[in-house]
2 protein chains.
Amino acid sequence: MAIPDFYLDAEYWKKIDSLCTKRVSVSKDDPKMKEQLKDADCVLVNPFGFVMDKSIIDMAPHLKFIDVLATAYGKVDTVHAKKKGITVSNIPGYSTESVAEFVFGILLEHLREIERAKQQGRKGPYSEVGYQATEIKGKIFGVFGTGRIGLRVAELANAFGADTRYYSRQRKKELEKLGIKYEEPDALLEKCDIISLHFALAKETENFLNSERIKKLKKSVIVINLAPVEFVDYDALEERLKKGELTYVFDHSDEMPEPVIKRLSKYKNFIAYPPIAYISKEARIAKQEIFIENIKGFLKGAPTNKVN
Amino acid sequence: MAIPDFYLDAEYWKKIDSLCTKRVSVSKDDPKMKEQLKDADCVLVNPFGFVMDKSIIDMAPHLKFIDVLATAYGKVDTVHAKKKGITVSNIPGYSTESVAEFVFGILLEHLREIERAKQQGRKGPYSEVGYQATEIKGKIFGVFGTGRIGLRVAELANAFGADTRYYSRQRKKELEKLGIKYEEPDALLEKCDIISLHFALAKETENFLNSERIKKLKKSVIVINLAPVEFVDYDALEERLKKGELTYVFDHSDEMPEPVIKRLSKYKNFIAYPPIAYISKEARIAKQEIFIENIKGFLKGAPTNKVN
């Protein structure tokens, strides 16, 4: 078993060691990698630090199983793996609740000026003068992309009493049973007071928030984007941020070009968070548990969460 | 009609003027008050600025109706008013959603370190290192007092997937149908991970969070208190804050003694907000609408929201 360097809690390393005869750690760009991988029949991959492309897969002639420590497995060449009879498993859904709850945390922060209020509460005055707020209830709340996370966000928005609607490539009966209506993306975008984007990266949704669509967004709309940032036309976004017509809240990892984030950060309603939406104790435990279960499943000949 | 000084949107002043023949403004401690009230048949009261006690009621011999611009009407002597055949109406429920949403805003702020993350997001680094969080889902969430607001908080906690339970003087079937169980207060307090207090001020709940109960709270419990602050033994609270065993989040108005708030503010997990929970555009409109409807109801001989 070979493991490109990444982080697990000690108890999970123990579990891994109980499942394999030998464990080798592999580092990115290590000239010894070929030697390290030559006997590996299983590779555990942290795709945030490691690209498991064709050339690396080919360094491991005995490889049968790749276990990805993430939901996203785009950095593993699953097609090439499949050709070579290598199973790839990922970890779906471990952070669903964590991300969905974070959406409402940052939405309510904005609607209720919680950062400012908390700071004021440290030293006073304990006065409500100057605060304005709106409620989630009654707002048109559009969820775009209803995989596990988007689905959960839609359920919660509905529980808050928002007029919740969704667009997704596939219709979701479980949402429609709750009264959450499907709408075509352009029609829905124009009427939303709150938008939450949850597309996975895919050809069809690339540049989803293009210039034309951004121009049509309702005045004072709040756009929450915890999905990859490739969807957005930043020039069009800036035009509306400049006029104070839109609030854009997102968690920033490394996909967004540094000069763009610097340029837009001068607008008060451009709100960047560090990429912490997926972080919770519960998500962390679930992620590692599923990771280990995937290994056990593969060893038993019944792979779980296979993606290729 | 006589109106102790308070604030309404212009359109509501117009509505009031369309309902009465003469409008007089009355200020607290104004020596001319008796003269101003002598012909009043209706008094509109903002109880945050004005105590409508027996002596003031007696200044208005023609008084038939007191309309209170708040849910709480404790500053009006309703018993004396009743004896004199004066109807008192209040405004129940206008801020239910606003307060319930705020509970989850400040809870998620704490669970996800949103203030810190937002500040970090302004200048970077855009890194998740150092963040820890827990989810609402799965936590034992106790709601104490299930009037309109507590009821709504319990529904929302349940929607988030918390193991939600309640204590209230009256059993609430609508909660039990959702699987939210009633428990006796002492048994419930001890097991909660999250506590949200929503008692109205009353003899039975005075000093509810007494020293003995505070000592028994679970380690790392979060106590949210958007109700009046008379319930809490601050010395016992300080003992647990000092050890970092408890988080206390509340919105501070003028009930809490200044030296106590100063003393406790040095603890990071003593989190005071200005009293903004009830503030939202929707609540503000609903409040004024109901206020006017109360006047209309009284004039038609069918008083609404009568409290005496």
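Because the structure is a prediction, the values reported are computed rather than measured. (Residues numbered from 1 in each chain as written. Chains lettered and ligands numbered in written order. Predicted model: local features only at pLDDT ≥ 70, side-chain atom pairs only at ≥ 80, totals over all residues.)

**Student:** Please clarify how the confidence of the model for chain A should be interpreted in this entry.
**Tutor:** Caution applies to low-pLDDT regions: their predicted coordinates should not be interpreted in detail. On average, chain A scores 91 in pLDDT, and the residues at 70 or more come to 96%. Quick note on the complex model: pTM equals 0.90, ipTM equals 0.89. (pLDDT = per-residue confidence, 0-100.)

**Student:** Help me understand the packing of helix 1 (residues 10-19) of chain B against helix 13 (residues 281-299) of chain B in this model?
**Tutor:** Relative orientation and spacing of two packed helices are given, respectively, by the angle between their axes and the distance between those axes. All names here are of chain B. Axis separation between helix 1 and helix 13 bottoms out at 10 Å; the angle between their running directions is 5°. Classed by the angle they form, the pair helix 1 and helix 13 counts as roughly parallel. Residues Tyr12, Lys15, Ile16 and Leu19 of helix 1 form the contact with helix 13, whose own contacting residues are Gln288, Ile292, Ile295, Lys296 and Leu299. For the contact of helix 1 with helix 13, the per-class residue count stands at 6 nonpolar, 1 polar and 2 charged. (Axes fitted to C-alpha atoms, helices over the stretch in contact; angles between N-to-C directions. Helix = DSSP H or I, 4+ residues; strand = E, 2+ residues; numbered from the N terminus. Parallel < 35°, antiparallel > 145°, perpendicular 65-115°, else oblique. Contact = placed C-beta atoms within 7 Å. Nonpolar A, V, L, I, M, F, W, Y, C, P; charged D, E, K, R; others polar.)

**Student:** Just checking my understanding: could you explain the relation of the copies chain A and chain B for this structure?
**Tutor:** One copy of the chain maps onto the second through a rotation around an axis plus a translation along that axis. Rotating chain A by 180° about the axis while translating it 0.0 Å along that axis superimposes it on chain B, leaving an RMSD of 0.0 Å. Between the two chains, the operation in question is that of a two-fold axis. When C-alpha distances to the rotation axis are compared across chain A, the minimum falls at Glu115 of chain A, with a value of 2.5 Å. (Least-squares fit on C-alpha atoms with pLDDT ≥ 70 in both.)

**Student:** For this particular structure, what's the right way to read the sheet that holds strand 11 (residues 246-251) of chain A?
**Tutor:** Residues and elements named next belong to chain A. The strand order 8-7-6-9-10-11-12 describes an open sheet built from 7 strands, whose pairing is parallel. Either end of the sheet is taken by a strand with one partner, and the two such strands are strand 8 (181-182) and strand 12 (270-273). In terms of strand pairing, strand 9 (residues 194-197) meets strand 10 (residues 221-225) through 4 bridges, oriented parallel. Following the sheet pairing, Ile195 is matched in strand 10 by Val223. Of the strands in this sheet, strand 6 (140-144), strand 7 (163-167) and strand 9 touch helix 7 (residues 148-159), which is tilted by about 170° from strand 6. (Pairing = 2+ DSSP bridges.)

**Student:** What is the right way to read the pairing of strand 7 of chain A from this model?
**Tutor:** In the case of a regular strand, side chains alternate between the two sheet surfaces. All names here are of chain A. Burial runs high along strand 7: 4 of the 5 residues are buried. Note: strand 6 against strand 7, 5 bridges, orientation parallel. What sits directly across from Gly142, in strand 7, is Arg165. The parallel pair strand 6 and strand 7 is bridged by helix 7, and the resulting crossover is right-handed. Across 2 bridges, the pairing between strand 7 and strand 8 is parallel. Across the sheet, Arg165 pairs through a bridge with Lys181, a residue of strand 8. (Buried ≥ 20, exposed ≤ 12 C-beta atoms within 10 Å, placed from the backbone. Right-handed = clockwise from strand over helix to strand, strands pointing away.)

**Student:** Is there a simple way to think about the interface of chain A and chain B in this case?
**Tutor:** Facing 45 residues of chain A, the contacting portion of chain B comprises 45 residues. Those elements giving two or more residues to the side of chain A that touches chain B turn out to be helix 5 (96-112), helix 6 (114-123), helix 7, strand 12 and helix 13 (281-299) of chain A. Per-element tally for the side of chain A that touches chain B: the top contributor is helix 5 of chain A, with 10 residues.

**Student:** How should I be thinking about the environment of Asp251 of chain A in this particular structure?
**Tutor:** Residues and elements named next belong to chain A. Along the chain, Asp251 turns up in strand 11. We classify Asp251 as buried; it has 24 C-beta atoms within 10 Å. For the pair Asp251 and Lys123, spaced 128 residues apart in the sequence, the C-alpha separation amounts to 29 Å.

**Student:** Quick question: what am I supposed to make of helix 11 (residues 234-242) of chain B here?
**Tutor:** Every α-helix carries 3.6 residues per turn, so stepping three or four residues along brings you back to the same face. Residues and elements named next belong to chain B. Listed as buried for helix 11 are Tyr234, Leu237 and Arg240. Looking straight down helix 11, one finds its buried side chains confined to an arc of 120°; they lie on one side. For helix 11, the exposed residues lying more than 90 degrees away from the buried face are Asp235 and Lys242. Tucked into the core, helix 11 has its buried residues touching helix 10 (211-216), strand 11 (246-251) and helix 12 (258-264). Once helix 11 finishes, Gly244 follows within two positions and takes phi at roughly 70°, a positive value. (Arc of directions from axis to C-beta.)

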